[in-house]
Amino acid sequence: MAIPVLWDSIFRTYPLFHFSIRNLSNRNSIPRKNKWLCLASPQLNPVGSEVSFCVGTHLIPHPNKIERGGEDAFFVSRYNGGVIAVADGVSGWAEQNVDPSLFPQELMANASCLVGDEEVNYDPQILLGKAHAATSSIGSATVIVAMLERNGMLKIANVGDCGLRVVRRGQIIFSTSTQEHYFDCPYQLSSEMVGQTYLDAMVSNMELMEGDTIVMGSDGLFDNIFDSEIVATIARHDCVTGAAKALANLARIHSMDSKFESPYALEARSKGFDVPLWKKILGMKLTGGKLDDITVIVGRVVRS
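Now for a quick tour of the structure.

Criteria and cut-off values
Residues numbered from 1 in each chain as written. Predicted model: local features only at pLDDT ≥ 70, side-chain atom pairs only at ≥ 80, totals over all residues. Heavy atoms only, no water. Helix = DSSP H or I, 4+ residues; strand = E, 2+ residues; numbered from the N terminus. Buried < 20%, exposed > 50% of the residue type's maximum accessible area, 1.4 Å probe, protein only. Areas by Shrake-Rupley, 256 points an atom, 1.4 Å probe, with all protein chains shown as cover. Salt bridge = Lys/Arg side-chain N within 4 Å of Asp/Glu carboxyl O. Contact = heavy atoms within 4.5 Å. Polar contact = N/O pair within 3.5 Å; in protein donor to acceptor, adjacent residues only side chain to side chain.

With that settled, consider the overall build of the protein. Helices and strands together make up the secondary structure of the protein, namely seven helices and 15 strands. Within the protein, the proportion of its 304 residues that are buried is 57%. Entry remark: accessible area of the protein is about 13,200 Å², with carbon and sulfur atoms responsible for 51%.

Quick look at the structure:
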């Protein structure tokens, strides 16, 4: 399954393309750790844009993967109204001596460089297809891409359990849905022929307004935070960077709380996963958050 990570207070706002990309020194075509990739030039930003994203990000790697930086990757672009994306590496590849972080990192790097491609035509599903086809690393990842047009139209394509919420006037008015084969086994783009493709992506379109806030993240966020907590946290922070950091920190706290009735625990019980019968007899039940990599991107729609 895909796994998010707790980076120790790594938090930045990226005005141009940036990626959480690590340990790629063995690939000549991809820059090394924490390098800027495919930097957007001023000419790429259309003149007279009506709306765009103001974006803040925060990453917290899994406690056991801090030294490696975790297995999530993301990018933020200011092209057109703005493009944001998150990919969550599938940790099971580690059992085959494959670094699970390489595939999502290369996938995001490829996607970032293809944002302005004419064949992509500002379509997130096509972008996923071309980025996937260009990715040669072994592994797999769940992924979500959202593109904002200058007129406020948001286009979304997601494969698996990375998610997105749209908050307007204190209410969530849109949520992506999780795609999974069964509990804890999400759809994923893969280096293997048996995986899903961009054609399996769930595609959504909706019109955004000035002042709307979108929250995108890996499952490390949504497995540990309820939608009501997202709304409350957004309401307390005028700054997108502060909101992203607060959401990631709250998810981290919940993920380490064995008594917390997390979204993950509730779903597990609903799918028949629970404590042994003898514990049930004693009144016990499955609770607790889910330790994982946590990636959060908060974007607010502003007039350009």
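Applying the stated rule across the entire model yields 13 salt bridges. In this structure, K290 and D223 form a salt bridge, with 3.4 Å as the shortest nitrogen-oxygen distance. A residue pair is termed long-range when its members are at least 10 positions apart, and K290 in the loop between α7 (277–281) and β15 (294–303) and D223 in the loop between α3 (219–222) and α4 (227–235) qualify at 67 residues. The pair formed by K290 and D223 is uniform in burial state, with each residue classed as buried. The network of salt bridges with shared partners includes D219, D223, K290 and D292.

A separate point is the environment of Y264. Summarising the element assignment, Y264 is placed in helix α6 (residues 263–270). Here Y264 falls in the buried class, since its relative accessible area comes to 18%. For the pair formed by Y264 and N224, sequence separation is 40 residues and the distance between their alpha carbons is 6.6 Å. With sequence-adjacent residues up to four places away left out, Y264 is seen in contact with F183, D184, D223 and K290. At 2.8 Å, the side chain of Y264 and the side chain of D184 are in polar contact.

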